Amino acid sequence: MKRNALLGAVVLLAVTSASEAAADGGPGPLGVTTVAVATAESARVGALFGSGGLGGGHFCTASVVHSARRDLLVGAAHCLRTGDDLFFAPGYRDGRAPYGVWKVSRVFLSDGWASGRDEDSDVAFAAVRARAGKRVEDVVGGNRFAAGTATGATAVTVTGYPDSGEVPVRCTNRPAAHSRTQQRIDCPGFTGGTSGSPWVNADGQVVGVLGGHERGGATADISYSVVLGAEAAKLYRHAATAQNTP
């Protein structure tokens, strides 16, 4: 899990409003972490809660990815635990869930994670139940899940929910290879709770998920993701086509 929450708070307080507007609007400075402005894109990212729901505090991040069933989330495997009551609040901000609270009905883990907690398999998917006859992707949209993209081919934007705050943060930078199976990104202020944050490129594709090495990183300044390859692609195909619980 991510640590050094105090350092992250100091970094965020030092960011000017001008930098925030530039970074959140698209191009802007690289490697600057700001409070994420509420947009249609950021609404696809949400906080994960346990059995206490919104009253119990959030502990990780997940995001909506496109699927034919329109009910699929992607996050870190070390966050999406089977057998737990889990709830997803897309666009969560200041104690409110503007797009509703969605109950996780099924979690999909790779064999590498389920059998040995392999850090190279720290990606998971979850299906959520419909609300009022609608699927979560019908309400907030979903990014495309893209395995097989070359690390660092383009800059990505990482959006997540530190568990010490009530608003999401985001940072844009270019990932670099940490190893053959892990990638890293330099972005300050990504503390505990940001595990599962999507790494989204300019084409709206999720090309990384914060987790993997050191369960996402031992400090707030450097974050990791599994290199999304054949295993992640196979898991996505299974999760996107498997039968969900109504």
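Residues numbered from 1 in each chain as written. Predicted model: local features only at pLDDT ≥ 70, side-chain atom pairs only at ≥ 80, totals over all residues. Heavy atoms only, no water.

**Structural notes on the overall build of the protein chain**
(1) Moving on: Scanning the protein chain from N- to C-terminus turns up five helices and 15 strands.
(2) Moving on: Buried residues in the protein chain amount to 51% of all 246 residues.
(3) Moving on: As displayed, the protein chain offers around 10100 Å² of accessible surface, 52% of which is attributable to carbon and sulfur atoms. (Helix = DSSP H or I, 4+ residues; strand = E, 2+ residues; numbered from the N terminus. Buried < 20%, exposed > 50% of the residue type's maximum accessible area, 1.4 Å probe, protein only. Areas by Shrake-Rupley, 256 points an atom, 1.4 Å probe, with all protein chains shown as cover.)

**So, the nonpolar core**
(1) Moving on: Counting 22 residues, the largest nonpolar core has Leu48, Leu73, Leu80, Phe88 and Val136 as its most contacted members.
(2) Moving on: Elements that contribute at least two residues to this core include exactly strand E3 (58–65), strand E6 (102–109), strand E7 (124–128) and helix H4 (136–140).
(3) Moving on: If you tally residues by element for this core, the top one is E3, at four residues.
(4) Moving on: If sequence neighbours within four positions are ignored, Leu48 has contacts with Gly57, His58, Phe59, Cys60, Thr61, Ala62, Cys79, Leu80, Phe87 and Phe88. (Core = buried A, V, L, I, M, F, W, Y, C linked by side-chain atoms within 4.5 Å. Contact = heavy atoms within 4.5 Å.)

**Examining the environment of Ala76**
(1) Moving on: Turning to its location among the elements, Ala76 is positioned in the loop between strand E4 (72–75) and strand E5 (87–90).
(2) Moving on: For Ala76, a relative accessible area of 0% puts it in the buried group.
(3) Moving on: Those residues in contact with Ala76 that sit more than four places away from it in its chain are Asp122, Ala124, Ser195, Gly196, Val209 and Leu210.

**Looking at the state of the cysteines**
(1) Moving on: For the coordinates displayed, the defined rule picks out two disulfides.
(2) Moving on: In this model, Cys60 is linked to Cys79 through a disulfide, with the two sulfur atoms separated by 2.0 Å. The sign of the S-S torsion, about -60 degrees, decides the handedness of the disulfide formed by Cys60 and Cys79: left-handed. Of this pair, Cys60 sits in strand E3 while Cys79 sits in the loop between E4 and E5, and the two are 19 residues apart along the sequence. No difference in accessibility class separates Cys60 from Cys79, as the two residues are buried.
(3) Moving on: Shown here is the disulfide that connects Cys171 with Cys187, its sulfur atoms set 2.1 Å apart. The disulfide joining Cys171 to Cys187 has a torsion of about -75 degrees about its S-S bond and is therefore left-handed. Remark: Cys187 occurs in the loop between strand E12 (182–186) and strand E13 (198–200) and Cys171 occurs in strand E10 (residues 169–173); sequence separation between them is 16 residues. (Disulfide = S-S within 2.5 Å.)

**Examining the environment of His58**
(1) Moving on: Mapped onto the elements of the fold, His58 is located in strand E3.
(2) Moving on: Since its relative accessible area comes to 6%, His58 is described here as buried.
(3) Moving on: At a separation of 2.8 Å, a polar atom in the side chain of His58 contacts the main-chain carbonyl oxygen of Gly165.
(4) Moving on: For His58, the side chain forms a polar contact with the side chain of Glu166, separated by 3.1 Å. (Polar contact = N/O pair within 3.5 Å; in protein donor to acceptor, adjacent residues only side chain to side chain.)

**Re the sheet that holds strand E9 (residues 156–160)**
(1) Moving on: Spatial strand order, E1-E10-E9-E13-E14-E8: six strands in an open sheet with mixed pairing. Every other strand in the sheet has two partners, leaving strand E1 (33–35) and strand E8 (144–145) as the edge strands with one partner each.
(2) Moving on: The pairing of E13 with strand E14 (residues 205–209) spans three bridges and is classified as antiparallel. Residue Pro198 lies in a different strand from E14, and its bridge partner there is Val209. (Pairing = 2+ DSSP bridges.)

**What about the packing of aromatic side chains?**
(1) Moving on: Applying the stated criterion to the full structure yields five aromatic pairs.
(2) Moving on: With a centroid separation of 5.7 Å and 55 degrees between ring planes, the pair formed by Phe125 and Tyr236 is classed as tilted. Placement of Phe125 in strand E7 and of Tyr236 in helix H5 (residues 230–241) is noted, with a sequence separation of 111 residues between them.
(3) Moving on: Residue Tyr236 is classed as buried on the basis of its relative accessible area of 18%.
(4) Moving on: When the centroid spacing of 5.3 Å and the interplanar angle of 25 degrees are considered together, the rings of Phe145 and Tyr236 count as stacked. On the criterion of sequence distance, the pair formed by Phe145 in strand E8 and Tyr236 in helix H5 is long-range, its members being 91 residues apart.
(5) Moving on: Grouping aromatic residues by their ring pairs yields a cluster made of Phe49, Tyr92 and Tyr161.
(6) Moving on: Above the ring of Trp102, the side-chain terminus of Arg131 is found at 5.4 Å from the ring centroid. (Phe/Tyr/Trp six-rings, centres within 6.5 Å; stacked < 30°, edge-to-face > 60°. Lys NZ or Arg CZ within 6 Å of the ring centre and 35° of its normal.)

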